[in-house]
Amino acid sequence: MYTDLLNTLTEQNQKFFGPAIKFNQLVAKNIEQLASIQIDAVQNISNASVSQLKAATEVQDVKSAIDFNLSQVSAMTQLSQQMIEDGQKLTKLGQEFKDSLEALTKEQMQTAQA
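Residues numbered from 1 in each chain as written. Predicted model: local features only at pLDDT ≥ 70, side-chain atom pairs only at ≥ 80, totals over all residues. Heavy atoms only, no water.

This part takes up the overall build of the protein chain. Looking only at helices and strands, the protein chain has two helices and zero strands in total. Expressed as lengths along the three principal axes of its C-alpha atoms, the size of the protein chain is roughly 90 × 25 × 10 Å. Across the 114 residues that make up the protein chain, the buried fraction comes to 12%. Of the roughly 9200 Å² of accessible surface on the protein chain, a fraction of 61% belongs to carbon and sulfur atoms. Charge separation in the protein chain, taken as the distance between the mean sites of 9 positive and 13 negative side-chain charges, equals 4 Å. (Helix = DSSP H or I, 4+ residues; strand = E, 2+ residues; numbered from the N terminus. Buried < 20%, exposed > 50% of the residue type's maximum accessible area, 1.4 Å probe, protein only. Areas by Shrake-Rupley, 256 points an atom, 1.4 Å probe, with all protein chains shown as cover. Lys, Arg positive; Asp, Glu negative; His and termini not counted. Charge placed at Lys NZ, Arg CZ, Asp CG, Glu CD.)

Printed below as a string of structure tokens:
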């Protein structure tokens, strides 16, 4: 008798809290991936900044100033490309989150109708 009651309570809790747990797992995974993208972006920008600062300290004459300016253009091009790639990663992450959320919602709707 008590076993049946406990089994029923466990089953009801799983039905009630299951969708919330799946949603929380989905959000946690999304936050983890977003943080990873942001950390990579900060690291890339920091590395480029430090590299350009080091290059600036080596400017001693006109030729090295011209070379430094050319390296600035190259660095900006690389950072621009990195920003485009990061934007694409964020777009993909958002789309995957949306698709996963829609699948979770569809699953719960089918469960509720059954």
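Following the structure, the description resumes.
Contact geometry of helix α1 (residues 2–57) with helix α2 (residues 62–113) gives a least axis separation of 11 Å together with a crossing angle of 180°. Judged by the inter-axis angle, α1 sits roughly antiparallel to α2. (Axes fitted to C-alpha atoms, helices over the stretch in contact; angles between N-to-C directions. Parallel < 35°, antiparallel > 145°, perpendicular 65-115°, else oblique.)

It is worth spelling out the pattern of salt bridges at this point. Per the stated rule, a full pass over the model turns up three salt bridges. Ionic pairing is found between K22 and E107, a salt bridge with its closest N-O pair at 2.5 Å. Of the two residues, K22 sits in helix α1 while E107 sits in helix α2, which places them 85 residues apart along the sequence. Overall, the relative accessible area of 37% leaves K22 in the partly exposed class. (Salt bridge = Lys/Arg side-chain N within 4 Å of Asp/Glu carboxyl O.)

Next up on the list: α2. End to end, α2 covers 76 Å across 52 residues, agreeing with the expected 76 Å (1.5 Å per residue, within 8%). If you follow the buried residues of α2, they end up packed against α1. (Expected span 1.5 Å × (residues − 1). Contact = heavy atoms within 4.5 Å.)

This brings us to α1. For α1, spanning 56 residues, the distance from its first C-alpha to its last is 78 Å, which sits close to the expected 82 Å at 1.5 Å a residue. At F17, α1 shows its maximal kink, close to 45°; a proline, P19, follows between one and four residues later. All of the buried residues in α1 are G18, L26, N30, I37, A41, A48 and Q52. (Bend = angle between axes of the 7 residues up to and from the residue.)

One can find Q52 in helix α1. Of note is the side chain of Q52, whose polar atom sits 3.5 Å from the side chain of S71. (Polar contact = N/O pair within 3.5 Å; in protein donor to acceptor, adjacent residues only side chain to side chain.)

Before going further, it helps to spend a moment on a nonpolar patch on the surface. Together, Y2, L5, L6 and L9 line one region of the surface with nonpolar side chains, adding up to about 450 Å² of accessible area. For L5, the position within the fold is in helix α1. (Patch = residues over 30% accessible without salt bridge, like charges linked within 9 Å, V, L, I, M, F, W, Y side chains within 5 Å.)

Take the side chain of N30 next. On the secondary structure map, N30 appears in helix α1. By relative accessible area, which is 18% here, N30 ends up buried.

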